[in-house]
Every structure is written in C-alpha cells, then in structure tokens.
Amino acid sequence: MTADDTETPKAAAASTEASEASRGMKYVDEYRDPELARHLSRRIAERVDPGRHYKVMEVCGGHTHAIYRYGVQDYLPESIELVHGPGCPVCVIPMGRIDDATVLAEADPNMILTCFGDLMRVPGGRGSFLDARARGADIRVVYSPLDALRLAVENPDRHVMFYAIGFETTAPSTALTLQRAKAEGVTNFSVFCNHVTIIPAIKAILDSPDLRLDAFIGPGHVSTVIGNRPYEWIAREEGLPIVVAGFEPLDLLESVAMIIDQLADGRSVVENQYARVVRDEGNPVALAAIADTMTLRPWFEWRGLGSINHSALQVSARYADFDAELRYDVPGVRVADPKACQCGEVLKGVLKPWECKVFGTACTPETPIGTCMVSSEGACAAYYNFGKAARQRVELKVKATS
C-alpha cells in the first residue's frame, strides 16, 4: 500500500466515516485502498492529543505481520506506538514442551508424531523436531488434526500422536477431531494438548510492571470463536479501550481511529471493528465442542510470561483415552531459554525485536534461537522479513481537513 503526498478528488469525496464505506466492501483490494487509508490517517491525526504518547498493543501476531507488511505504522502520528503482544501460539510454547514430545517420539519407534509445519523448527533443549526426525523419529507435518486422525486409521499398527497447539482459534478443530475419533472408535490416536487461552495472557500483561498500555487492538481470529464479551473486564476494570480488528490495512487503521476516538472522548468500551466476521457471542458450536472435549489446566508455563493459572486446555476426562499425557509417561521437562534469547521481553512488548542482542545475526529464520523468529506469526519474523519498513519510518504528508 502506497500513499501520495497530495489529496486526490476521490479521497476528498470519501465518506466522513471510513467505517460507513467499509460496510459496503466486498473484495480484499477495497480494504487496501490508499485513499481511504489517508482519510483514516487524517481522522486519527485530528483526534490525538499533541502532548500525549499513546501505547497500543496489538495482541495478535497476525496483526503484527500486517502492520509491517503494509506499512500501517507510517500512516499514524509518531505519538502512537504500536507494541506487539503474546498472541503467537508457537512463540509462547516453552522449550520443555517441545522436549517432552521429542522424548516420546524417540522412545517409541511405533509412534508417528504429527504437528503443524511451523512447529518443526521450534528449538527445544534437545533440538527441534527436524533434528529429532534426522535422528530417526517419525515426525510428520499435517495441515489439520483430521489429517492426523486419518493417518491413524490408515496405520492401525502404529500410534499417531497429534501435537495440538494454538489459541481458541484452532482448539475447535482439535475438539471436533477428538469427537470423531471417539465416534469412530479409533484406538491408536491421541492428542498432546498445548492449546492456550487469550484472556489470562492479557491479564498477565496488565499485571506486568514492565509495561503501561493505553489500549488494545483485540485479536480477530480468536474473537471469531470466543466473541467480544470476554474482553469487557478490560474496559470495565482496567479502564482501557479494546477494539477487535481484522487483518487488512484499513481494518487496522480504523481500529486505531476507534481507539483514539475513545481516548479523546474519555470512554473505555469494547468495540468490534471486525463485525463482518466476529459476533458478540462468538461461535456457539465451536465453544460447545471445546467444552465437551477439554477442560482448563490448573496452570501452564508460557515462554516469557512464566506460569499462568487456568491459561491452557487439557483433554477432558470424557476423552481420557485420547489424552497423550495419560497414555504416556510425559517427562515434564523444564528448560530455561538460552541466555542470549530475549523472546520473553519481545512477547511482553517490552523490547522491539531488533533490540534483542542476537536478532538478525545469530538468530535468523534459518538458524532460530527463539520461537519468535520461527513462527509465521512471530514478531521477530515479521521484523526480519519487513525490517526496513519496520525500522525506517516513511513520512506521509497527508493534508489535514479544515
């Protein structure tokens, strides 16, 4: 997305409220219209307090990538700082959970360990899954948990374990797979559950003394499942605006505009910019499937945030036959992050990725030290791939309206 220095007739005729225009959009390129972006940029610039610095956290790693891929930051006044949060599920997995699965896969030659592709290069204390596969473990990439279940049906003499990962976004697919496995009587399939939940992570961020925020850009994909209501405490108890946003440039700019409007008006509420997808009540069918197959863990270790109570899911007692942690003696390995890696500070928004000592030198996507450089949603990967755009601000001379 690019911007010219002058206002065109089309931009001058744009709706006073970009949100009105967005309701009539049908195609993705309409959400990347540079003239509407300039309009939103003016709207934001006119509403900011010149003497105030704003710190807004985008919780979702997908938002971080979109912000720097499209140069969204360049459309904002310098007084608005966007910081990334812990909304990358691969990034928050501690090294010990990688080692747990590696030990099981290497110890049992009858096992097929399956996982999503971006997990293959996540470093653990014993190396990555790719390293374990090179040592002889049977570890395969799947595109969904149903692929893993199909693999179990096709290999009745092998045990297939699916390494489940993700926030509430991907938990429903694991839940539906568990339901199908039980309905079909598949006995050689299990789930090593690492699903985490977003609300406790946000609470941990707010409890951190290292960071003070003015507002949140709420995660779009998670909210399609859980809805908007779980965020109401943020506005009510913390007094912070939160706007659930989509993933296109205009989505993000409009969400910032809605946040600045709230702050300028002295309001703090939950607003839904992503109304074309997200509903207040979320997805009842998906939530019911999760409730049927999973329960909250007492605690779970997060990379960078430590142990957080009731912040992750485990397979419920009704589906105990498919719980890998009951089927196998899981080591429960605890591994400290490498001293040079500062993923924890990056995940909390305390550091920008390029401020890490090993960013772009010892730690690259080809040779990652930390998870933030591996995942497609990792902040370090976003800055590495779009680094020039992320670190060098492009000045956009947008005419203010009179």
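Residues numbered from 1 in each chain as written. Predicted model: local features only at pLDDT ≥ 70, side-chain atom pairs only at ≥ 80, totals over all residues. Heavy atoms only, no water.

## Focus on the pattern of salt bridges
Tallied over the full model, the rule gives 20 salt bridges. A salt bridge links Arg140 to Asp138; the nearest nitrogen and oxygen atoms lie 2.9 Å apart. A salt bridge links Arg297 to Glu325, with the shortest nitrogen-to-oxygen separation between them at 2.5 Å. Of this pair, Arg297 sits in the loop between β10 (294-296) and β11 (299-302) while Glu325 is found in helix α14 (residues 324-327), placing the two residues 28 residues apart along the sequence. Accessibility expressed as a relative area gives 23% for Glu325, which makes it partly exposed. Through salt bridges with shared partners, a single ionic network connects Arg43, Arg47, Asp261, Asp265 and Arg267. (Salt bridge = Lys/Arg side-chain N within 4 Å of Asp/Glu carboxyl O. Helix = DSSP H or I, 4+ residues; strand = E, 2+ residues; numbered from the N terminus. Buried < 20%, exposed > 50% of the residue type's maximum accessible area, 1.4 Å probe, protein only.)

## Focus: the side chain of Thr174
Checked against the element boundaries, Thr174 lands in helix α8 (residues 171-184). Of the residues examined, Thr174 reaches a relative accessible area of 2% and is grouped as buried. Setting aside chain neighbours within four positions, we find Thr174 in contact with Pro145, Phe162, Ala164, Val191, His195 and Met294. (Contact = heavy atoms within 4.5 Å.)

## Re the packing of helix α3 (residues 34-47) against helix α12 (residues 249-265)
It is at 9 Å that the axes of α3 and α12 come closest, and there the two elements cross at 20°. Considered as vectors, α3 and α12 are oriented roughly parallel to each other. Between α3 and α12 lies a crossing whose hand is left-handed. Facing Leu36, Ala37, Leu40, Arg43, Ile44 and Arg47 of α3, the residues of α12 in contact are Leu250, Leu253, Glu254, Val256, Ala257, Met258, Ile260, Asp261, Ala264 and Asp265. Of the residues that constitute the contact of α3 with α12, the class distribution is 11 nonpolar, no polar and five charged. (Axes fitted to C-alpha atoms, helices over the stretch in contact; angles between N-to-C directions. Parallel < 35°, antiparallel > 145°, perpendicular 65-115°, else oblique. Left-handed = near helix turned anticlockwise from the far one by under 90°. Nonpolar A, V, L, I, M, F, W, Y, C, P; charged D, E, K, R; others polar.)

## Quick notes on the sheet that holds strand β5 (residues 159-166)
Strand order in the open sheet formed by four strands is β4-β3-β5-β6, with parallel pairing between adjacent strands. On the outer flanks of this sheet lie β4 (139-141) and β6 (189-195), each paired with one strand and no other. For this sheet, the mean angle separating the axes of adjacent strands, direction not counted, is 25°. Of the strand pairs in this sheet, strand β3 (residues 111-115) and β4 are connected by three bridges, and their pairing is parallel. Looking at β4, one finds that Leu113 is bridged to Ile139. Helix-sheet contacts for helix α7 (residues 145-154) involve β3, β4, β5 and β6, and the interaxial angle to β5 is about 175°. (Pairing = 2+ DSSP bridges.)

## What about the nonpolar core?
Counting 131 residues, the largest nonpolar core has Tyr163, Phe189, Phe216 and Tyr231 as its most contacted members. It is α12 that provides the largest number of residues to this core, a total of nine residues. Those residues in contact with Phe216 that lie beyond four places of it in its chain are Val56, Met57, Val59, Ile202, Leu206, Ile234, Leu240, Pro241, Ile242, Val243 and Ile259. (Core = buried A, V, L, I, M, F, W, Y, C linked by side-chain atoms within 4.5 Å.)

## Focus: α7
What α7 keeps buried is the set Pro145, Ala148, Leu149, Leu151 and Ala152. For α7, the angular spread of the buried residues around the axis is 155°, confining them to a single face. Looking at the buried positions of α7, the neighbouring elements they touch are β3, β4, β5, α8 and β6. (Arc of directions from axis to C-beta.)

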